[in-house]
Amino acid sequence: MTAELNTLFEFLRFPSVSTDSAHSGDVRACAEWLVNQLRKMNLTVDLHETPKHPVVVAKNTHVAGRRTVMIYGHYDVQPVDPLELWNSDPFEPVIHDGKIWARGATDNKGQMLAHVLGVEKTLREVGELPVNLTFLFEGEEEIGSPHLAPFLLHHYDDLRCDVVAISDTGMVAPGVPTLGYGLRGITCCEVVLRGPKRDLHSGLFGGAVANPASAMARLVASLHALDGRVAIDGFYDHVRDLALWEREMWQHIPGVSDADFLAVTGSHGLFGEPGYSSSERTWARPTAEVNGLTSGYQGEGSKTVLPAEARVKLSFRLVPDQSPKEILAKVQNHLEWHCPPGVELEFIAGHDGKPYLTDPHSPFGIAAQQALRTSFQAEPVLIREGGSIPIVQTFHDILGADSLLLGLALSDAQIHAPNENFPVENFEAGIRLNQALLAELAK
Ligand code: BES
Ligand code: ZN
């Protein structure tokens, strides 16, 4: 095994699950490991406390007159459950079929570390970097980056840069270099419907009082029209139309046809807003999704019960120029208005992040395309992303810098799911990509 893979394996062994407070010690240990790696490269490194998980910042010596590039990544990972569906320990990486299998292998430790190791390689080979570099690594991306915007404001002078580079997004197919120029925004919430003061015998009381599970089913159903459009009043008000050139361009991108979506997901059919292809629906149209829905008896066999409550977790993916706060207010209004009688509704707002859209043909965009071309020896494709990285628009708002999304995540990487994986090939390409990118951005 190469030294680089060895280092990645060490990084992957930390169960840095940001959402689970039982793992906060592991998140911190992971940050400290990172600090140590970066110090070995003779960078100036600081671990900054936040109310939750630490931020790690590392810099080379900044010289006036050179471009300043920030590379952002996150060292936190998603929970592993359902654990029984993993073929190997999520925190004991293994390699087979040319891929590294572990939680965080793609999202985001493998992609992020490729940049660190690219910088290490350049420093080893050349002695210095062609740009002023700032690494910014956080441990809260998977929980919506709640403390990073205040951190940027507070450390504004230290974090100013010309451009941000991020490898935390998708690559449409193996060997096809992919530049992302957009991300969807997001807003999340949870709804509880409460009925009787405790679970009831459904024979003695069913039919006489409102059932929170049935009420929830109706409420959830009210979010969409039958044709798949979101039925919330004003939901599409500020949605920016897709440009013709994008729709045309996306038709020629490999790996993202409707048939590919069916194959990758294993779904029994495609469904979504009429008039758009699957890639258009996920990259450039807003949606409403149920992320979790619970009520009543879930065990074996049947239990004749009328549940006391029902819960749903919802998220809404947003596109320019929708505002997460405005959409959440519309959602709350919709839910309260459509709540069936006989139950009480509690609305709990969650985290959010703004959508992002930039021009892939800007000078920095062209430099990123050239770096992708050099490191993959193939012509890059330009896409938007269905996923969200909440801090990206904030980089623009606070630091005035655009982000280059140099994605290395394949559609079968199983990020956020069991058996997450990252091809060794992509890890190595990421190291080359970092070197090519800094060289291009220096020009
Ligand atoms: N790396 C992903 C986002 C991503 C993956 C974008 C693939 C494009 C392609 C990121 O770590 C992520 O999962 N973000 C969350 C953000 C949320 C928790 C606020 C998401 O999109 O659900
Ligand atoms: Zn993620």
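Please read these numbers as outputs of a predicted model, since none were measured by experiment. (Residues numbered from 1 in each chain as written. Chains lettered and ligands numbered in written order. Predicted model: local features only at pLDDT ≥ 70, side-chain atom pairs only at ≥ 80, totals over all residues. Heavy atoms only, no water.)

Asks: I would appreciate a short explanation of the nonpolar core in the present structure.
Replies: In summary, soluble globular proteins display a tendency toward joint burial of nonpolar side chains. Within the largest apolar cluster, 72 residues are counted, with the highest numbers of intra-cluster contacts made by Leu 38 and Phe 135. In terms of residues, this core owes the most to one element, helix α14 (residues 424-442), which gives nine residues. Residues contacting Leu 38, with those up to four places away along its chain left out, are Leu 43, Val 45, Val 56, Ala 58, Val 116, Phe 135 and Phe 137. Formed by 27 residues, the second largest nonpolar core is a distinct cluster that contains Val 191, Ala 288, Leu 318 and Leu 335. (Core = buried A, V, L, I, M, F, W, Y, C linked by side-chain atoms within 4.5 Å. Buried < 20%, exposed > 50% of the residue type's maximum accessible area, 1.4 Å probe, protein only. Helix = DSSP H or I, 4+ residues; strand = E, 2+ residues; numbered from the N terminus. Contact = heavy atoms within 4.5 Å.)

Asks: Help me understand the coordination of the zinc ion (ligand 2) in this model?
Replies: A four-donor tetrahedral metal ideally has 109.5 degree angles, and a six-donor octahedral metal ideally has angles of 90 or 180 degrees. Only Asp 107 (OD), Glu 142 (OE), Glu 142 (OE) and His 416 (NE2) from the protein coordinate the zinc ion (ligand 2), and they sit 2.0 to 2.6 Å from it. Considering all six donor atoms around the zinc ion (ligand 2), the spread of angles at the metal, 54 to 156°, places the coordination shape in the irregular class. Along the chain, the residues donating to the zinc ion (ligand 2) fall in the pattern D-x34-E-x273-H. Pair noted here: Asp 107 is in the loop between β5 (99-101) and α3 (109-126) and Glu 142 is in the loop between β6 (132-138) and α4 (148-154), with a separation of 35 residues, a long-range link. Grouping residues by exposure puts Asp 107 and Glu 142 together as buried. (Donors = N, O, S within 2.8 Å, 3.2 Å for Na, K, Ca; no water. Tetrahedral: all angles 85-135°; square planar, octahedral: opposite > 155°, others 65-115°.)

Asks: Please explain the packing of helix α1 (residues 3-12) against helix α2 (residues 24-40) as it appears in this structure.
Replies: Between α1 and α2, the shortest axis-to-axis distance is 10 Å and the interhelical angle comes to 155°. The orientation of α1 with respect to α2, classified from their angle, is roughly antiparallel. In this structure, α1 contributes Thr 7, Glu 10 and Phe 11 to the contact, and α2 contributes Cys 30, Trp 33, Leu 34 and Gln 37. Taken together, the residues of the contact of α1 with α2 sort by class into four nonpolar, two polar and one charged. (Axes fitted to C-alpha atoms, helices over the stretch in contact; angles between N-to-C directions. Parallel < 35°, antiparallel > 145°, perpendicular 65-115°, else oblique. Nonpolar A, V, L, I, M, F, W, Y, C, P; charged D, E, K, R; others polar.)

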